[in-house]
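Structural overview
Single-letter residue listing:
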Amino acid sequence: MKESNLIEDGYRILEIRDISEKKSRFQEWRERLLSFYKQADLSVYKEVMLRTHFVENEFSQNDSLQSITKAVTETLSFLVNKDNSGVQCWDSKDALIFIQRGLDGFYRYIKAMYQDPPHKRGTLTLELLNEFSVGNEYDIQRMLYAWLRPVFPTIRTEVNSDNGYSGMRADLYLEEYDLIIEVKCTRPSMSEKTLTEELGADCFHYHAKNLYIYVYDKENLIKNPEAYKAAFRRSTEKAGKEIRMFINQKY
């Protein structure tokens, strides 16, 4: 049994949505973790024992699911970062600033990766890159996830949450910073009004401390991006959560 395999198994548990299967896999994973670290490192063993503590709510499957998810996420965060030679995990302010800047300029990544001429000695040819195009928001979601995963290993996609009335699914979620990233990609059949209505519903229903809305406006629907972003901007003091919008238009 290798530590890397245990960590990968933890990530697989995060993708399970069925409560019975998730609970069973989690309990089995916890036993293997404790067995491994009891032999390898007692200090890590004690930390894992604390972080994998799980409280089941017999009256709410959603609460139980969230409790398991929290235990797995916190354990993975600890295991991934414990050997970073004294490097501290990012504090909330620095992490959010990093993500904000990345979202604001994500079009530069798309341009550099897929649109700029490749090196003549490389195997990625211009013809191959020209076949790439953003079709919808799921493409953007995948790209954002791949960009953030090396820096924030516990980031997850399509996470179910309970808003008190009906289930909501966050496109990207970082539990350490209580951050949801909602992704939108405009389409030919969409109007600016429709986009506004969809985004307004998202802002109302998501119960996260930080909500970032990333709009890849491939159809150039938004006539005044700066005014549009300002209209959605909210602060924790006034709205109970921080809402920021990032708009990249196709040039």
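First, a word on scope: everything that follows refers to the structure included in this document. Here the structure is a predicted model, which means the values were calculated and not measured.

In terms of regular secondary structure, the protein is built from eleven helices and five strands. Each of the 251 residues in the protein was classed as buried or not, and the buried ones make up 41%. Accessible surface for the protein amounts to roughly 14,700 Å². Of this, 49% is attributable to carbon and sulfur atoms. For the protein, the separation between the mean place of its 36 positive charges and that of its 39 negative charges on side chains is 3 Å.

Our next topic: the pattern of salt bridges. In a structure, side chains of opposite charge can pair up when their charged atoms sit close to one another. Under the definition given, this model contains twelve salt bridges. For R25, the salt bridge is made with E21, and the minimal N-O distance between the two is 3.7 Å. In this pair, R25 and E21 both sit in helix α2 (residues 19-40), four residues apart, roughly one turn of the helix. Assessed through its relative accessible area of 32%, R25 is described here as partly exposed.

It is worth spelling out the pairing of strand β5 (residues 242-249) at this point. Regular strands have side chains that alternate between both faces of the sheet. Burial within β5 is extensive, with seven of its eight residues counted as buried. Note: strand β4 (residues 210-217) against β5, eight bridges, orientation parallel. When the bridges of β5 are listed, Y216 appears paired with N248.

Our focus in this paragraph is the side chain of R156. Secondary-structure assignment places R156 in strand β1 (residues 156-162). Using a relative accessible area of 5% as the deciding quantity, one classes R156 as buried. When near neighbours in sequence (up to four residues on either side) are disregarded, R156 contacts L14, T69, T73, Y145, D171, L172, Y173 and E175.

Another aspect to go through is unusual backbone geometry. At D178, a position not held by glycine, the phi torsion is positive, near 45°. As for its placement among the helices and strands, D178 is situated in the loop between β2 (167-174) and β3 (179-185). Exposure remark for D178: the relative accessible area of 26% places this residue in the partly exposed category. Even without a glycine there, the phi angle at N220 is positive, about 50°. By the element assignment, N220 lies in the loop between β4 and α10 (225-232).

Per the stated rule, a full pass over the model turns up twelve aromatic pairs. Between Y114 and F132, the aromatic rings sit 3.7 Å apart at their centres with planes inclined by 15°, giving stacked as the arrangement. Here F132 lies in the loop between α7 (126-130) and α8 (137-148) and Y114 lies in helix α6 (residues 106-115), a separation of 18 residues in the sequence. What makes Y114 buried here is its relative accessible area of 18%. A connected cluster of aromatic rings, assembled from ring pairs, spans F98, F106, Y109, Y114, F132, W147, F152, Y177 and Y214. Sitting over the face of the ring of Y11, R149 holds its NZ or CZ atom 4.3 Å from the ring centroid.

Quick look at the side chain of T186 now. Mapped onto the elements, T186 comes out in the loop between β3 and α9 (192-205). Of note is the side chain of T186, whose polar atom sits 3.1 Å from the backbone nitrogen of K218. Residues in contact with T186, not counting those within four places in the same chain, are L195, V215, Y216, D217, K218, E219, N220 and L221.

Reading guide: rules and limits
Residues numbered from 1 in each chain as written. Predicted model: local features only at pLDDT ≥ 70, side-chain atom pairs only at ≥ 80, totals over all residues. Heavy atoms only, no water. Helix = DSSP H or I, 4+ residues; strand = E, 2+ residues; numbered from the N terminus. Buried < 20%, exposed > 50% of the residue type's maximum accessible area, 1.4 Å probe, protein only. Areas by Shrake-Rupley, 256 points an atom, 1.4 Å probe, with all protein chains shown as cover. Lys, Arg positive; Asp, Glu negative; His and termini not counted. Charge placed at Lys NZ, Arg CZ, Asp CG, Glu CD. Salt bridge = Lys/Arg side-chain N within 4 Å of Asp/Glu carboxyl O. Pairing = 2+ DSSP bridges. Contact = heavy atoms within 4.5 Å. Phe/Tyr/Trp six-rings, centres within 6.5 Å; stacked < 30°, edge-to-face > 60°. Lys NZ or Arg CZ within 6 Å of the ring centre and 35° of its normal. Polar contact = N/O pair within 3.5 Å; in protein donor to acceptor, adjacent residues only side chain to side chain.

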